[in-house]
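Residue-level structure breakdown
Here is how the chains run, residue by residue.
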Amino acid sequence: MDLFTQILLAIAKILFVVIVAVGAFAPVLLWAERRQSAMMQDRVGPHRAHIPLPRSVVEGLRLTLKPLEAGIFGSFFAAGLAIVALVILLLSSRETLFGQEAKTYYLAVVGFGILGVLARVGHKVHGGIVESGGKIALLGLLHPLADAIKMIFKEDFVPPKADKLLFSIAPILTMVTAIAAFAVVPFADTLFLECATDVVPRDVATVMACDGSGGVATAIPMQIASLDIGILFIFAIAGTGVVGAAIGGYSSDNKYSLMGGLRAASQMVSYEVALGLTIVPCFMIYDSLRLEEIVMWQHEAGIWGIFIPPLTIACVLYLFAAIAETKRVPFDLPEGESELVGGYLTEYSGMKFGMFFAGEFVEVVVLGALATVLFFGGWDVPFLYRSGFDLPGTWELVIPMTDWVIQDTIALQHWAVIVIQVIAFLLKIAILMWLQLMIRWTLPRFRYDQIMKVCWKGLLPLSIANILLTGIIVLLWT
Amino acid sequence: MLSAYLPVFLMLLVATLVALGMFTATSLAGPKKPTPEKLLPYESGSNTTGASHLRQSVKFYLTAISFVVFDIEAAFIYPWAALFRDLGWVGFVAMVIFLAVLAITLVYEWKKGALEWER
């Protein structure tokens, strides 16, 4: 590949990552967090942001409600009739009923079932819009967008005695470091360009091009940059993020900001040490610092890191340190509003505040992605290989009265495998983000001395002990 | 070799553009209506007293120093961890000695009270 194609590919991957992480995950996380807080306090929560519909469209939607109701009833009735027909066929040992084979009835059950569910969902959505007088609210998911627009048009306040340069750099630095850490995270297996619509052999080192030219297929790693320092890059970038919070607090010319900035710097550097040491056992077991090789190891071994005993401990320690590193509840002392108003964010307004805020949410996504790669198999889906699904054992399931067979191996085209892997990876990140959210709304805020104590006197010795434990276990077993 | 880092620079470029875009948007679109009260440093409504750069506890400084010591050590452990299987028991014993020195540092700090935040 020439340089130009490489650059184009890299930009495509970067846009994908930025859109997914900054454009989708961070807003949804913000929405989920506020939604959950509303639930706990018995409020309606973020739901008012909406796209208004014109009156005539609402009247039109109102007319669809009756046909949809009839559609729901009709579809489920037809699916029911098809089931009855199948039962009759099964009991009477006949080949056909009303001149139709069993296959037709199977298709009817599935088809009308899906149609009925769709009509039901449509009825609920349309009904909701009509009832609210033509507001498309999408469960309140538009709220983060409305917030972003609002923040941009808020007054951009700079304290007169603030250090203007540092004050401006701080939010940019926070945002840039949060996004850039994604550069080394692999989000799927290698894509073989010429073989996208073919089934790729399962365990072959070099895949031949499928267009019959006899050459080797062009391998495109599903990762922005494959660096041999791998994980060190993430820590280098995350380490720079500390500077953003620290100089933001320092340059604001405000006592609360200064205290918040100092607390942020102190807490983040402390937990960075702990974070760095908790994941050392991973490299001892996976034998690599490259994230794609770490995922490949788990994929080939068929076991995710969290199920290997020393790494189970490492995973718990990692999640602890990661939540503290992102400065979120219960570790949000740097911006604890009951003591420091807004901490290092006190003097920030408008989108500059929003950038700190968004940076924090993107960091949650990054650390979730890192946990997924290190402990939860990255893009690995159990029993999914390059060639498709290969379930354990050798068996086949014949669907009664037809010649349809479900086997233990299901061949999938290459692009389908890659898409499934990307979805699995995003789903795992979402689950880890949900876990962090639950912790956030479950635990009260710690005291600052408790946070520092648990880091230096708890996590640090424990992670060093875990390194030694892992070393002994690995050396005795190999 | 250097081409491996090209996407990283592109990533940094895109991230900087996103951040700068947000920054410029809010700088241009936001209104500017300064009032004398608004320009004061925020201190929960009371007038500010003294310089805003307070003298801070020495604990923050000690934490920073400990960070330098322990983070550099972590940087030494990483290459060892990646080559751990090849180095075998010899490498393991070497690392135990290295970690022991570090543990002594930690214990010394602990006993000296550098990790105490209450006092």
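Everything numeric here is computed off the predicted structure, so don't read it as measured data. (Residues numbered from 1 in each chain as written. Chains lettered and ligands numbered in written order. Predicted model: local features only at pLDDT ≥ 70, side-chain atom pairs only at ≥ 80, totals over all residues. Heavy atoms only, no water.)

1. Quick word on the overall build of chain A
Across its full length, chain A carries 14 helices and 11 strands. By principal-axis analysis of the C-alpha atoms, chain A measures approximately 85 × 70 × 45 Å. Out of the 478 residues in chain A, the part that is buried amounts to 52%. Long-range contacts, defined as pairs at least 24 residues apart, comprise 80% of the intrachain contacts of chain A with a sequence gap of at least 6. Computing the positive centroid from 31 side-chain charges and the negative centroid from 38, chain A places the two 13 Å apart. (Helix = DSSP H or I, 4+ residues; strand = E, 2+ residues; numbered from the N terminus. Buried < 20%, exposed > 50% of the residue type's maximum accessible area, 1.4 Å probe, protein only. Contact = heavy atoms within 4.5 Å. Lys, Arg positive; Asp, Glu negative; His and termini not counted. Charge placed at Lys NZ, Arg CZ, Asp CG, Glu CD.)

2. Comments concerning the overall build of chain B
A tally of helices and strands in chain B yields 3 helices and 0 strands. Element order for chain B, N to C, with α for helix and β for strand: α-α-α. Here chain B has a C-alpha radius of gyration of 25 Å; the compact-globule value for 119 residues is 14 Å, and the former is much larger. Projected onto the principal axes, the alpha-carbon positions of chain B cover approximately 70 × 50 × 15 Å. Looking at chain B as a whole, 34% of its 119 residues qualify as buried. Across chain B, contacts joining residues at least 24 apart in sequence account for 48% of those joining residues at least 6 apart. Of the accessible surface of chain B, which amounts to about 7400 Å², a share of 73% is contributed by carbon and sulfur atoms. Taken as two groups, the 9 positive and 8 negative side-chain charges of chain B have centres that lie 7 Å from each other. (Rg over C-alpha atoms; globule rule 2.2 N^0.38 Å. Areas by Shrake-Rupley, 256 points an atom, 1.4 Å probe, with all protein chains shown as cover.)

3. Description of the packing of helix H1 (residues 3-40) of chain A against helix H4 (residues 143-152) of chain A
Residue and element names in this part refer to chain A. Remark: H1 packs on H4, axes separated minimally by 8 Å, with the N-to-C direction vectors making an angle of 105°. Taken together, the axes of H1 and H4 lie roughly perpendicular to each other. Side by side, H1 and H4 meet where Pro27, Leu30, Trp31 and Arg34 of the first sit next to His143, Pro144 and Asp147 of the second. A per-class count over the contact of H1 with H4 returns 4 nonpolar, 1 polar and 2 charged. (Axes fitted to C-alpha atoms, helices over the stretch in contact; angles between N-to-C directions. Parallel < 35°, antiparallel > 145°, perpendicular 65-115°, else oblique. Nonpolar A, V, L, I, M, F, W, Y, C, P; charged D, E, K, R; others polar.)

4. Focus: the nonpolar core
Among the nonpolar cores identified, the biggest contains 141 residues, and Phe182(A), Ile231(A), Ile279(A), Phe283(A), Tyr318(A) and Phe375(A) are the most heavily contacted of them. With residues near it in sequence (within four places) discarded, Ile279(A) still touches Ile231(A), Phe235(A), Tyr318(A), Leu374(A), Phe375(A) and Tyr78(B). Of all hydrophobic cores here, the second largest spans 8 residues; its members include Ala85(A), Leu86(A), Leu97(A) and Ala108(A). (Core = buried A, V, L, I, M, F, W, Y, C linked by side-chain atoms within 4.5 Å.)

5. Some thoughts on the domain arrangement of chain A
Taken domain by domain, chain A holds domain 1 (51-136) and domain 2 (159-187 + 222-380 + 413-477). Look at where the C-alpha atoms of domain 1 of chain A and domain 2 of chain A centre, and you get two points 46 Å apart. (Domains from an automatic or database assignment.)

6. So, unusual backbone geometry
All names here are of chain A. The residue Asp42 is not glycine, and still its phi comes out positive at about 60°. For Asp42, the position within the fold is in the loop between H1 and strand S1 (51-52). Positive phi, close to 65°, is recorded for Asp287, a residue that is not glycine. Take Asp287: it is sitting in the loop between helix H8 (280-286) and helix H9 (291-301).

7. Some details on the interface of chain B and chain A
On the chain A side, the residues contacting the 67 residues of chain B number 81 residues. Together, the buried faces of chain B and chain A total about 6700 Å²; carbon and sulfur atoms form 75% of this surface. For chain B, the biggest contributors to the area lost against chain A are Met11(B), Tyr78(B) and Arg85(B); these three give 12% of the whole. If you look at where chain B meets chain A, you find 2 salt bridges. A salt bridge links Arg85(B) to Asp287(A); the shortest N-O distance between them is 3.4 Å. Our count for the chain B to chain A interface comes out at 7 residue pairs in polar contact (both at pLDDT 80 or more). Going through the elements one at a time, helix H1 (6-29), helix H2 (58-82) and helix H3 (84-112) of chain B are the ones with two or more residues in the side of chain B that touches chain A. Considering each element in turn, the side of chain B that touches chain A owes the most residues, 18 residues, to H1(B). Classifying every residue of the side of chain B that touches chain A gives 44 nonpolar, 14 polar and 9 charged. (Buried area = accessible area lost by both parts, 1.4 Å probe. Salt bridge = Lys/Arg side-chain N within 4 Å of Asp/Glu carboxyl O. Polar contact = N/O pair within 3.5 Å; in protein donor to acceptor, adjacent residues only side chain to side chain.)

8. Thoughts on the pattern of salt bridges
Residues and elements named next belong to chain A. As enumerated under the stated definition, the model contains 14 salt bridges over all chains in all. One salt bridge in this structure joins Lys352 and Asp156, with 3.1 Å as the shortest N-O distance. Taken as a pair, Lys352 in helix H12 (residues 350-375) and Asp156 in the loop between H4 and helix H5 (164-180) lie far apart in primary sequence, 196 residues in all. By the burial criterion, Lys352 is buried, and Asp156 matches it. Salt bridges here are not isolated pairs; linked through shared partners, they connect Glu33, Arg328, Glu360 and Arg440.

9. Examining the layout of surface pockets
Residue and element names in this part refer to chain A. Here the largest pocket defines a volume of roughly 1000 Å³. Lining the largest pocket are 39 residues, and of these Leu30, Met151, Phe357, Ala358 and Phe361 lie nearest its centre. If you list the elements that add at least two residues to the lining of the largest pocket, you get H1, H4, H12 and helix H13 (414-442). It is H1 that contributes the most residues to the lining of the largest pocket, 9 residues altogether. (1 Å grid on protein atoms, 1.4 Å probe; cavity = no way out; pocket = protein on both sides within 12 Å on 5 of 7 lines; lining within 4 Å. Points joined across faces, edges and corners; volume = space filled by probe spheres on them.)

10. Let's talk about the side chain of Thr470(A)
All names here are of chain A. Its place among the elements puts Thr470 in helix H14 (residues 448-477). By relative accessible area, Thr470 is classed as buried at 0%. Contacts of Thr470, omitting those with residues within four sequence positions, involve Pro281, Met284, Ile285 and Pro310.

11. What to know about the sheet that holds strand S7 (residues 384-385) of chain A
Residues and elements named next belong to chain A. Spatially, 3 strands are ordered S7-S8-S11 in an open sheet, and the strand pairing comes out antiparallel. Since the sheet does not close on itself, it has two edges, and those belong to S7 and strand S11 (409-411), each with one partner. As paired elements, S7 and strand S8 (residues 388-390) share 2 bridges and run antiparallel to each other. Across the sheet, Leu384 pairs through a bridge with Phe389, a residue of S8. (Pairing = 2+ DSSP bridges.)

12. Notes on the side chain of Lys457(A)
Here Lys457(A) lies in helix H14. Beyond its immediate stretch of four places on either side in the chain, Lys457(A) contacts Trp110(B), Leu115(B) and Glu116(B).

13. Quick look at the environment of Val101(B)
Mapped onto the elements of the fold, Val101(B) is located in helix H3. We classify Val101(B) as partly exposed; its relative accessible area is 49%.

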